Amino acid sequence: MTVLSGRMPVRATATTLVRAQWSGLLLAVVAGSVALAVSTDNFATQFNQYTLLRNLSLTLVIGFGQMITLAVGELNLSLGALGGLVAVVSGGMMDAWGLPLALAIVLGLALGAACGFANGMLITRTKISGFIITLATGSAFAGIDFGITKAQPFSNIPSALVTFGQGRSGGIPYQLAVPILVALLMGLLLNRVRLGRHLLAVGGNRHAAELAGISPARAVVWAHVVSGLLAAIAAIMTVAQLASAQPTIGDDWLIQSFTVPIIGGAALAGGDVSATGTVLAAAVITLIENGLVLENVDPYWVQFLLGMLILGAVGLSRFRSARVRSA
Amino acid sequence: MTTDSIDATIAAPARVRALVRASRFLQSSTQAGLAIVIAVSWIVFELVGTGFLSSFNLFTLGRDVAIDVVIGLSQMVVLAVGRMNLAVGAIGVVVVMFTGWLMQDVHVPALLAVALGLALGALAGWFNGWLEVKTGVNSFIITLATASIYTGLMLIVTKAGAFRVLPFGFTDFGTRSVLSSTISPLLFVAVGVTAALFFVYRNATLGWKMLAVGANERAARLSGVSVPRMLQLAQALSGLLAGLAGILLLSRLGSAVPALGSDWLLPSFVAPVLGGTSLTGGGVAVVGTLLGALLVTGTTNGLNIVQISSFWIQVFLGLALLVAVMLDRLRAVTSERRLVLR
């Protein structure tokens, strides 16, 4: 298979595009957008684009927060509770303590990373399954969150943050800058940075990675730190969108956080994740939610469809891997 | 170490018996420890707060414990085969709404409605097991997805409405007391289910087969146990128990509300793990689960009485789970050491 003609690379690129796991997702995004644009009057309006992209921003960061733990073969059930805790703590620092905005954000992000670090250390030091550890810490984070706020939100959020969360230029929300940056960094981390390659190596085969001189414990801790950091980013984005730091933030993140990377093609056994797939999966989910709203469908269908999407995605990847093996 | 103990098995059966006795002792000592912790905490709550051991509070506590025990057992039976069920709460609320609808709108007699509700719970659980067997996807993802599907379907069908007009006999069962003013009939159900499961795992072939699957799937298959059948059975049993917990709760509350079950996940793991059930499968502690639920529910109730906010109680639940798994880990390490020392 030597490349002789100059046209080959183009064809090779086209073949890679079609063969890529996320080609179906890309098709779904395009077809879904066209169908919605034709069938509803409001889809193509600037305001709807803004709403859609704002929801996409949040969904994407939450999905990346889970994707990074799946990459190393772990999971983070405390993602939503961690986000809620960061939301009220940074909101409290802005409202009750009157700290400068930048400082409050930095401290909030640091808290998220620290909570993730605690998860990672508990898992690697005690050797107890990450499922149980993050189930337990999730309950603790949620309890602290509600305990310090007594279920009351902080509503005095600096206007600069609110403008960032609610402002737009045409159909583009300012906030879209965050997920774009996050997606680029995550793609870079997983494909170009040594730490990212180590995470995938540990996720793919922990024993082999260890023999190759990679510390699995270090990789697991790092994955949880990044996961905590991303949950914190999503939390502050939500505070900016709502213009209030509510203790219930994060309550409904769990199923979403798994749906996005799983539909995006992450293997649950670890070692195989796709940043591009995750972005497209988040777009598919946001489109579905948007379509249901535009078509005036009962919002409860979202929950049902998210579950079906997970089953469909795993079933499809099983089917595909079975075909690859038999080929 | 493994070959060592196998050699020992062949060489000296007496030693094996000693090992079995030692492991039984370890488990019973866990349960004795739990009982002591329960007794001490109750005395502390009685001394610090007022009215913890009053007959009214014991009655309330008993009703809560009865439900929490069944929730814990519904997770325990899947932990036994080395799986998990994230859909316990979803199945519970689906059964609650279905049974409530049967009684209020269809006017089905209470007993028949309960039987149909339990059947639906078992069916929903069996479907989880069937999906795992057919797709080979792990139970975490399957039950995460079906939990969302079941809850979504329930909300779509009921439009998040409630059923509040239930037969008197049914709600009376969950609110009255029997024999003395401190005992709720719900407790008899919980104790009965515990006893039945205790018998299943100790004496029935079926229980041994499920434990064999949890301990070593390959070995179980090679010795003729049908692993897929045991997985589906365990998930169906889990669904049945989740449904039963839902029905007990419905009988206590007197109204079917769609928000029920959303907070079952954590307690469903805490009770069996505190009681000494292994997370990796193959070992159950039925009585331990009962004691675990008694400790957790008692402490929650006691913290309420000494007026600690329910939010901090959630922190306590999380910490209780952490402590429980660390003890479990410690137990595994010490028993390994004992094996090596022998």
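Above: the structure in question.
Residues numbered from 1 in each chain as written. Chains lettered and ligands numbered in written order. Predicted model: local features only at pLDDT ≥ 70, side-chain atom pairs only at ≥ 80, totals over all residues. Heavy atoms only, no water.

Asks: Lay out the overall build of chain B in plain terms, naming residues and giving numbers.
Replies: Across its full length, chain B carries 14 helices and zero strands. For chain B, the succession of helices and strands along the chain, N to C, is α-α-α-α-α-α-α-α-α-α-α-α-α-α. Counting only residues that meet the buried cut, chain B has 50% of its 342 residues in that class. Taking contacts inside chain B between residues at least 6 apart in sequence as the whole, the part at least 24 apart equals 76%. In the structure as shown, chain B presents an accessible area of about 15,200 Å², 68% of it carried by carbon and sulfur atoms. (Helix = DSSP H or I, 4+ residues; strand = E, 2+ residues; numbered from the N terminus. Buried < 20%, exposed > 50% of the residue type's maximum accessible area, 1.4 Å probe, protein only. Contact = heavy atoms within 4.5 Å. Areas by Shrake-Rupley, 256 points an atom, 1.4 Å probe, with all protein chains shown as cover.)

Asks: Could you give me a rundown of unusual backbone geometry, with the residues and numbers involved?
Replies: Residues and elements named next belong to chain A. Positive phi values are uncommon outside glycine, yet K150 reaches one of about 50°. Positive phi, close to 60°, is recorded for A243, a residue that is not glycine. Mapped onto the secondary structure, A243 falls in the loop between α11 (216-242) and α12 (253-263). By relative accessible area, A243 is classed as partly exposed at 23%.

Asks: Which residues make up the nonpolar core, and what values do they have?
Replies: Membership of the largest hydrophobic core comes to 190 residues, with the highest contact counts inside it found for F131(A), F140(B) and Y201(B). The dominant element in this core, judged by the number of residues it contributes, is α11(A), at 14 residues. The residues touching F140(B), leaving out its near neighbours within four places in the chain, are L75(A), L77(A), F131(A), F258(A), M84(B) and L86(B). (Core = buried A, V, L, I, M, F, W, Y, C linked by side-chain atoms within 4.5 Å.)

Asks: Describe the packing of helix α4 (residues 88-104) of chain B against helix α5 (residues 110-135) of chain B, listing the residues and the values that go with them.
Replies: All names here are of chain B. Contact geometry for α4 and α5: axes closest at 9 Å, N-to-C directions at 150°. When the axis of α4 is compared with that of α5, the two are roughly antiparallel. Read as a crossing pair, α4 and α5 show a hand that is right-handed. Along the contact surface, α4 presents I91, V94, V95, F98, T99, L102 and M103, while α5 presents A110, A113, V114, L116, G117, L120, G121, A124, G125 and N128. (Axes fitted to C-alpha atoms, helices over the stretch in contact; angles between N-to-C directions. Parallel < 35°, antiparallel > 145°, perpendicular 65-115°, else oblique. Left-handed = near helix turned anticlockwise from the far one by under 90°.)

Asks: I'd love a proper account of the interface of chain A and chain B, names of residues and values included.
Replies: Every contact between the two is made by 38 residues of chain A and, on the other side, 36 residues of chain B. Roughly 3,100 Å² of surface becomes buried between chain A and chain B when both sides are summed, with 83% attributable to carbon and sulfur atoms. Counting across the chain A and chain B interface gives zero salt bridges. Contributing elements (two or more residues each) for the side of chain A that touches chain B: α5 (101-126), α6 (130-149), α12 and α14 (300-326) of chain A. With 13 residues, the top contributor of residues to the side of chain A that touches chain B is α6(A). Looking at the side of chain A that touches chain B, its residues break down into 28 nonpolar, six polar and four charged. (Buried area = accessible area lost by both parts, 1.4 Å probe. Salt bridge = Lys/Arg side-chain N within 4 Å of Asp/Glu carboxyl O. Nonpolar A, V, L, I, M, F, W, Y, C, P; charged D, E, K, R; others polar.)

Asks: Outline helix α2 (residues 23-39) of chain A, supporting the account with residue identities and numerical values.
Replies: All names here are of chain A. The terminal C-alpha atoms of α2, which comprises 17 residues, lie 24 Å apart, in line with the 24 Å expected from a rise of 1.5 Å per residue. Taken together, the buried positions of α2 are occupied by L25, V29 and L36. When α2 is viewed along its axis, its buried side chains cluster within an angular range of 50° and face the same direction. What points out from α2, more than 90 degrees from its buried face, is the exposed set L27 and V38. Where α2 is buried, its residues touch α12 and α13 (275-294). (Expected span 1.5 Å × (residues − 1). Arc of directions from axis to C-beta.)

Asks: Just give me the short version of helix α11 (residues 227-253) of chain B, but keep the residues and values in it.
Replies: Residues separated by three or four positions in an α-helix point in the same direction, a consequence of the helix having 3.6 residues per turn. Here α11(B) is 27 residues long and its end C-alpha atoms lie 39 Å apart, about the 39 Å a rise of 1.5 Å per residue gives. Taken from the residues just after α11(B), G254(B) is the one with a positive phi, measuring 80°.

Asks: Tell me what's going on with the packing of aromatic side chains, and back it up with residues and numbers.
Replies: Going through the model one piece at a time under the given rule, you end up with 11 aromatic pairs over all chains. Between the aromatic rings of F131(A) and F269(B), the centroid separation amounts to 5.0 Å while the plane-to-plane angle is 65°, which identifies the pairing as edge-to-face. Here the residue F131(A) occupies a position in helix α6, and F269(B) occupies one in helix α12 (residues 265-275), the pair thus bridging two chains. With relative accessibility at 7%, the residue F131(A) sits in the buried group. (Phe/Tyr/Trp six-rings, centres within 6.5 Å; stacked < 30°, edge-to-face > 60°.)

Asks: Outline the pattern of salt bridges, supporting the account with residue identities and numerical values.
Replies: All names here are of chain B. Throughout the structure, instances matching the rule amount to five salt bridges over all chains. A salt bridge links E132 to R83; its shortest N-O distance comes to 2.6 Å. Linking E132 in helix α5 with R83 in the loop between α3 (55-80) and α4, this pair joins segments that are 49 residues apart in sequence. Considered together, E132 and R83 belong to a single accessibility category, that of buried residues. Where R83 meets E217, a salt bridge forms, and the shortest distance between an N and an O atom there is 3.2 Å. You can see R83 sitting in the loop between α3 and α4 and its partner E217 sitting in helix α10 (residues 217-222), a full 134 residues away along the chain.

Asks: Describe the side chain of E132(B), naming the residues involved and giving the relevant values.
Replies: What makes E132(B) buried here is its relative accessible area of 8%. The contact partners of E132(B), leaving out residues within four places of it in the chain, are R83(B), V137(B), S139(B), I142(B) and L231(B).

That is the geometry; function is a separate question.
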